Amino acid sequence: NAGVTQTPKFQVLKTGQSMTLQCAQDMNHEYMSWYRQDPGMGLRLIHYSVGAGITDQGEVPNGYNVSRSTTEDFPLRLLSAAPSQTSVYFCASSNDPEETQYFGPGTRLLVL
Amino acid sequence: DQQVKQNSPSLSVQEGRISILNCDYTNSMFDYFLWYKKYPAEGPTFLISISSIKDKNEDGRFTVFLNKSAKHLSLHIVPSQPGDSAVYFCAAGGGGSNYQLIWGAGTKLIIKP
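In what follows, the accompanying structure is described. Keep in mind that what you see is a predicted model, and the values were worked out from it rather than measured.

So, about the pattern of salt bridges. Evaluated as defined, the whole model comprises 5 salt bridges over all chains. Taking the shortest distance from any N to any O, the salt bridge between Arg61 of chain B and Asp84 of chain B comes out at 2.8 Å. With Arg61 of chain B in the loop between strand E6 (56-59) and strand E7 (62-67) and Asp84 of chain B in the loop between strand E8 (72-77) and strand E9 (86-93), the pair connects residues that are 23 residues apart, well separated along the chain. Among the residues examined, Asp84 of chain B registers a relative accessible area of 2% and is labelled buried. Ionic contacts of the salt-bridge type, sharing partners, join the residues Arg36, Asp38 and Arg44 of chain A into one network.

This structure, assessed with the given rule, holds 2 disulfides over all chains. The residue that forms a disulfide with Cys23 of chain A is Cys91 of chain A, at a sulfur-sulfur distance of 1.8 Å. Measuring handedness by torsion sign, the sulfur bridge of Cys23 of chain A and Cys91 of chain A sits at about -70 degrees and is left-handed. A residue pair is termed long-range when its members are at least 10 positions apart, and Cys23 of chain A in strand E3 (residues 19-25) and Cys91 of chain A in strand E9 (residues 87-94) qualify at 68 residues. As far as the burial class goes, Cys23 of chain A and Cys91 of chain A line up, both buried. A sulfur-sulfur distance of 1.8 Å marks the disulfide that ties Cys23 of chain B to Cys90 of chain B. Looking along the S-S bond of the Cys23 of chain B-Cys90 of chain B disulfide, the torsion reads about 60 degrees, which is the right-handed sense. Of this pair, Cys23 of chain B sits in strand E3 (residues 19-25) while Cys90 of chain B is found in strand E9, placing the two residues 67 residues apart along the sequence. We classify Cys23 of chain B as buried; its relative accessible area is 1%. Relative accessible area serves as the criterion here: at 1%, Cys90 of chain B is assigned to the buried category.

Cut-offs and rules
For every chain, the first residue of the written sequence is number 1, and numbering continues from 1 onward in sequence order. Each chain is given a letter, starting from A, and each ligand a number, starting from 1, according to the order in which they appear as written. For this predicted model, a pLDDT threshold of at least 70 governs which residues receive local features, and a threshold of 80 or more governs which side-chain atom pairs are given and counted, while totals over whole chains, interfaces and linings are taken from all residues. Processing note: side-chain calculations cover all non-hydrogen atoms of the structure and skip hydrogens and water entirely. For this analysis, a salt bridge means a side-chain nitrogen from Lys or Arg found within 4 Å of a carboxyl oxygen belonging to Asp or Glu. Strands are runs of DSSP state E lasting at least 2 residues, helices are runs of H or I lasting at least 4, and numbering of each runs from the N terminus. Buried residues are those whose accessible area, probed at 1.4 Å on protein chains only, stays under 20% of the maximum for their type, while exposed residues exceed 50% and partly exposed ones sit between those limits. Only a pair of cysteine sulfur atoms within 2.5 Å counts as a disulfide in this structure description.

Shown next as C-alpha cells:
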C-alpha cells in the first residue's frame with residue numbers, strides 16, 4: 001500500500017513552459033486535492049475532486065488545470081509556468097473531505 | 001484576510017516539558033478543526049482533530065482544546081520528545097467552506113535535549 005505518490009520530486013521550469021504534476025493514490029479514496037505551500041503561509045487549495053469526472057476550483061486555481069478520469073489519478077497541469085508558481089505542491093486524498101487527508105511527499109517546483 | 005492564524009512562527013521547548021501551540025480563527029461557522037504535523041521534505045500527516053461540539057480531545061500525549069467563545073484552539077504535547085520537532089499546522093473546515101480546509105501558516109516546534 002503506497003498511499004499517495006507524487007512525481008516528480010523536484011522540477012525546474014522556464015517561464016512559459018508547461019508541465020504536469022502527477023498524483024496517484026491506492027486507497028480508493030473519492031476525494032483528492034492539490035495544495036501549494038509558500039513560505040510563511042499555510043497550505044492553499046488549488047483544485048479538488050470529489051470523484052472521477054468531478055473537479056472544482058479551490059482558493060488559488062488560476063494558471064492550473066486538473067482532470068479526474070480515474071479514482072486513482074489526479075494530475076495537475078501548469079499551462080504556462082510563471083515565477084509566481086514557484087512553490088511546493090502537495091496532493092492529498094481522503095474518503096471524505098471532512099475526514100483525515102493523506103498527503104503525498106510533495107513536488108518542489110522552481111520557475112525561472 | 002487570514003481566517004486561521006498561528007501567530008508564533010516558532011517555539012522552543014525543553015525535552016520532557018509541555019509544548020503548547022496556539023491557533024486563532026475568525027469564522028465562527030467552522031465546525032471542525034485539525035492539527036497536522038510536517039517533517040522536512042515530507043507531506044503533512046494528521047495528528048488530532050476536534051469537532052466544534054467538543055471542547056477537548058485527547059490522544060496519548062496530544063490534547064487539543066477548543067474555546068469557541070474566544071475562537072481559539074491549542075495543542076498540548078506532554079511530555080515533549082525530540083521526535084516532536086516539526087512544523088505544526090492547524091486547519092479548519094465545515095460551515096459552508098465547500099470542502100475546503102483553511103490552513104494556518106504553521107508553527108515550527110523545536111524540542112531541546
